[in-house]
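The lines below spell out each chain.
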Amino acid sequence: MKKSIFLLICTLLSLGVHGQSVIGAWERHHTSETGDELRSVVIFSEGYQVLTTYHAKTGKFIHSNGGSWKLEGDIMTEKVEFHTDNAERVGTEVSFEVVVTDTTLGIVGSDIQLKRIDHGTPGALQGAWLMTGRVRDGKTQTRDTTRPRKTMKILSGTRFQWIAYNTETKQFLGTGGGTYTTIDGAYTENIEFFSRDDSRAGVSLAFKYNLKDGAWHHSGLSSKGNPIYEIWSIRK
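Residues numbered from 1 in each chain as written. Predicted model: local features only at pLDDT ≥ 70, side-chain atom pairs only at ≥ 80, totals over all residues. Heavy atoms only, no water.

This paragraph deals with the overall build of the chain. What the chain contains, in helices and strands, is one helix and 17 strands. Here the C-alpha radius of gyration of the chain, 18 Å, is about what a compact globule of 236 residues would show, namely 18 Å. Its C-alpha atoms give the chain principal-axis dimensions of roughly 55 × 55 × 40 Å. Put simply, the chain has 236 residues, and 44% of those count as buried. If you take every contact in the chain between residues at least 6 apart in sequence, the share linking residues at least 24 apart comes to 42%. Accessible surface, the chain: about 12,300 Å² in total, of which carbon and sulfur atoms supply 52%. Distance from the positive charge centre (28 side chains) to the negative charge centre (26 side chains) of the chain: 8 Å. (Helix = DSSP H or I, 4+ residues; strand = E, 2+ residues; numbered from the N terminus. Rg over C-alpha atoms; globule rule 2.2 N^0.38 Å. Buried < 20%, exposed > 50% of the residue type's maximum accessible area, 1.4 Å probe, protein only. Contact = heavy atoms within 4.5 Å. Areas by Shrake-Rupley, 256 points an atom, 1.4 Å probe, with all protein chains shown as cover. Lys, Arg positive; Asp, Glu negative; His and termini not counted. Charge placed at Lys NZ, Arg CZ, Asp CG, Glu CD.)

Written out as structure tokens, the structure reads:
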């Protein structure tokens with residue numbers, strides 16, 4: 001009963017003043033002061049979000065920030081967990097008024113308006129996930145998700161992004177993202193930006209995925225060609 005009430009509250013908080021959900025992915029195409037074409041993508045999962053800006057043509061990484069969020073009526077409140085430009089923003093909250101329709105998300109008082117990419121489908125892995133373990137030499141090594149050092153992956157129905165950061169030191173450690181598909185047990189990432197190495201943009205990586213007791217088992221070869229077996233759990 002308590003779980004049902006909690007899920008109902010989460011659903012209500014994800015709906016705007018007109019009953020439109022923000023869950024899914026959104027984008028904005030704009031131009032930098034130097035004339036470069038930029039793309040900003042926001043992914044909202046239940047309770048967590050990430051925004052990233054990168055060069056639309058080259059994939060050169062520019063900025064990322066994110067953390068937890070809630071929407072009460074038309075007021076969006078975000079608590080920052082990572083911020084590439086200003087570490088002092090970590091731990092702070094910001095609130096602003098939004099206008100949400102089925103296809104657009106606008107911020108009142110600014111010229112920022114995003115267009116919807118998806119509603120959280122068709123990919124099978126929509127949500128915010130924390131890495132909770134690895135399998136090495138047949139042995140499972142678990143991670144404590146309550147510690148400040150986190151590796152989180154947020155997925156909509158078509159977009160993914162992983163972020164490594166530390167909420168205690170306010171250190172941002174790296175990120176990468178793009179589009180993904182889940183077809184017949186195969187999870188494929190198409191990288192559009194990678195903060196540590198811009199040359200990774202345009203690379204596609206295929207993995208095996210399996211959902212076991214709610215955990216996402218992810219195995220294959222990393223971008224460096226090394227075998228990996230990761231276990232991810234939905235962030236509460």
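On to the pattern of salt bridges. Applying the stated rule across the entire model yields eleven salt bridges. One salt bridge in this structure joins Arg-28 and Asp-111, with 4.0 Å as the shortest N-O distance. Here Asp-111 lies in the loop between β7 (104-107) and β8 (113-118) and Arg-28 lies in strand β1 (residues 24-31), a separation of 83 residues in the sequence. Residue Asp-111 is classed as exposed on the basis of its relative accessible area of 65%. Residue Glu-230 is joined to Arg-134 by a salt bridge in which the shortest nitrogen-to-oxygen separation is 3.7 Å. Separated by 96 residues along the polypeptide, Glu-230 in strand β17 (residues 227-234) and Arg-134 in strand β9 (residues 127-136) bring together distant segments of the chain. Overall, the relative accessible area of 9% leaves Glu-230 in the buried class. Residue classification places Arg-134 among the partly exposed positions, given a relative accessible area of 22%. Several salt bridges converge on common partners, so that one network encompasses Glu-27, Arg-39, Arg-159 and Glu-192. (Salt bridge = Lys/Arg side-chain N within 4 Å of Asp/Glu carboxyl O.)

By the criterion of burial, strand β2 (residues 37-44) is predominantly enclosed, with seven of the eight residues buried. When β1 meets β2, the two strands line up antiparallel, connected through eight bridges. Residue Trp-26 lies in a different strand from β2, and its bridge partner there is Val-42. One ladder, built from seven bridges, connects β2 with strand β3 (residues 48-55); its direction is antiparallel. Looking across to β3, one finds that Val-41 is bridged to Thr-52. Two successive antiparallel strands, β2 and β3, enclose a turn made up of three residues, where Gly-47 displays a positive phi of approximately 95°. (Pairing = 2+ DSSP bridges.)

By size, the foremost hydrophobic cluster in this structure holds 17 residues, and its most contacted members are Leu-125, Trp-129, Leu-155, Phe-160, Tyr-180, Tyr-187 and Trp-216. Elements with a minimum of two residues in this core: β9, β12 (159-166), β14 (186-194), β15 (204-212) and β17. (Core = buried A, V, L, I, M, F, W, Y, C linked by side-chain atoms within 4.5 Å.)

Okay, the side chain of Glu-78 next. Within the secondary structure, Glu-78 is located in strand β5 (residues 75-83). In this structure, Glu-78 is buried with no salt-bridge partner, the nearest side chain bearing the opposite charge being Arg-89 at 6.9 Å. Within the structure, Glu-78 has its side chain in polar contact with the side chain of Gln-49 (distance 3.5 Å). If we skip the residues at most four places from it in the chain, Glu-78 touches Phe-44, Gln-49, Ser-68, Trp-69, Thr-92, Glu-93, Val-94 and Phe-96. (Polar contact = N/O pair within 3.5 Å; in protein donor to acceptor, adjacent residues only side chain to side chain.)

This part covers the packing of aromatic side chains. Enumeration over the complete set of coordinates arrives at twelve aromatic pairs. Feature note: the residues Tyr-54, Phe-61, Phe-82, Tyr-165, Phe-172 and Phe-193 constitute an aromatic cluster, connected by ring pairs. (Phe/Tyr/Trp six-rings, centres within 6.5 Å; stacked < 30°, edge-to-face > 60°.)

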